[in-house]
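Architecture and fold: a report
Here are the chains, one letter per residue:
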Amino acid sequence: MFQKLKQRWKVNGLNLALIITTFALGGSLCAYAGRKLLLLMAIDKTTFWGIILYILLITLLWPLAVLLVSIPLGQFPFFKRYITRIFSRFGSKKTGNNPAGPSTRIAIFASGAGSNARQVIDHFSASSTVEIALLVCNNPHAGAIAIAKAAGIPVLLIEKERFLNGDAYLPELKQYDIDLIVLAGFLWKVPAQLIRCYPQKIVNIHPALLPAYGGKGMYGHHVHEAVILHKETESGITIHYVDEIYDHGAIIFQARCPVDAADTAASLAKKVHALEHRHYPTVIEGLIKK
Ligand code: GRF
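Here's what I pulled together on the structure shown here. (Residues numbered from 1 in each chain as written. Predicted model: local features only at pLDDT ≥ 70, side-chain atom pairs only at ≥ 80, totals over all residues. Heavy atoms only, no water.)

1. Let's talk about the sheet that holds strand 3 (residues 155-157)
Judged by pairing direction, the sheet is mixed, and its 7 strands sit side by side in the order 3-2-1-4-5-6-7 without closing on themselves. Edge positions in the sheet fall to strand 3 and strand 7 (251-258), since each of these pairs with one other strand and no more. Adjacent strand axes in the sheet meet at a mean angle of 20°, parallel and antiparallel pairs treated alike. With 4 bridges connecting them, strand 1 (residues 104-110) and strand 4 (residues 180-183) associate as parallel partners. Bridge pairing links Ile-106 to Leu-180 in strand 4. (Pairing = 2+ DSSP bridges. Helix = DSSP H or I, 4+ residues; strand = E, 2+ residues; numbered from the N terminus. Axes fitted to C-alpha atoms, helices over the stretch in contact; angles between N-to-C directions.)

In structure tokens, the structure reads:
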């Protein structure tokens, strides 16, 4: 059960303990405050109307009480989101069945031009159930940054040591309440602890038909050059889950295109990009609906 909660709320063990403590202390505080208020108003809590008023009071006081308790326990951002979403649940269709994550919130990880990021962003821009909540980027000059900013999406610029050997930016992913990570031309290896926190929730797109032409160093033009060098007659795209080995996780989807004798790495890249743009957003949508 605790494991499930950790995954659902994207928190580690310590945070989960603090969240549960906040729930408990907040509940006690609001019950205490409710009783005191009834006493002040000289209302008998054992009468019918006393009970109704008491229930109303603790319903109103509960959000305030947990928010208050969450401050010294360092859980204010979680409870602010949690309570906002409980309220939005009554007022909006957007809300799903998880108060800590009403819609699917995607973080796109990109390192380069960002044409796939753009397609995914555009595809979900009018969605009421899927939100591109964050762009994570390791390259301050990446085109993906301008694309995200233009769409009003927050950008998190990351540095290598912390990503690979530190906390993998899990606190930020938790802060943005990310449910699904979409790699779109992200060049760093995804660290094991991030994969463990997002089991089957990190997807990547690769510009070839895996398992061929994958692995370390197989990115961008290197892939297309290798395909042409080996005189392949077809190439394509692979959308797959990310595991701890480069370009290795379970394949979700593949699409093919012909490689003509006259193709260069650049012309093949164009064909492959067209396939990526056509399929990546809809495959992601399909995964979310599953
Ligand atoms: C794409 O070809 C994708 O398959 C690979 O990196 C490239 C990113 O291109 N993983 P862009 O930055 O989305 O234009």
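On we go.
2. Details of the pattern of salt bridges
What the rule picks out here adds up to 7 salt bridges. Residues Glu-131 and Arg-105 are paired through a salt bridge, measuring 3.1 Å at the closest nitrogen-oxygen approach. Here Glu-131 is found in strand 2 (residues 130-137), whereas its partner Arg-105 is found in strand 1, with 26 residues between them in sequence. The partner of Asp-263 in a salt bridge is Lys-271, and the shortest N-O contact between them spans 2.5 Å. According to the relative accessible area criterion, Asp-263 is buried, its value standing at 11%. One network of salt bridges, with partners in common, ties together Arg-162, Asp-167 and Glu-172. (Salt bridge = Lys/Arg side-chain N within 4 Å of Asp/Glu carboxyl O. Buried < 20%, exposed > 50% of the residue type's maximum accessible area, 1.4 Å probe, protein only.)

3. Concerning helix 3 (residues 48-70)
For helix 3, with 23 residues, the first-to-last C-alpha span of 33 Å sits near the 33 Å given by 1.5 Å per residue. Approximately 40° is the largest bend angle found in helix 3, and it occurs at Leu-61, with the proline Pro-63 only one to four residues beyond. Residues Gly-50, Tyr-54, Leu-57, Leu-61, Pro-63, Ala-65, Val-66, Leu-67, Val-69 and Ser-70 constitute the buried set of helix 3. (Expected span 1.5 Å × (residues − 1). Bend = angle between axes of the 7 residues up to and from the residue.)

4. Quick word on the site of the ligand
By nearness alone, every residue bordering the ligand is listed as Gly-112, Ala-113, Gly-114, Ser-115, Asn-116, Gly-185, Ile-205, His-206, Pro-207, His-273 and Glu-276. One of the side-chain nitrogen or oxygen atoms of Ser-115 is found 2.5 Å away from an oxygen atom of the ligand. Of the pockets mapped on this structure, the ligand occupies the largest pocket. Counting only elements with at least two residues in the shell around the ligand, the list comes to helix 5 (115-124), strand 5 (202-206) and helix 11 (265-289). (Near = heavy atom within 4 Å. Polar contact = N/O pair within 3.5 Å; in protein donor to acceptor, adjacent residues only side chain to side chain. 1 Å grid on protein atoms, 1.4 Å probe; cavity = no way out; pocket = protein on both sides within 12 Å on 5 of 7 lines; lining within 4 Å. Sits in = over half its atoms within 2 Å of the grid points.)

Nothing here speaks to function; it is geometry throughout.
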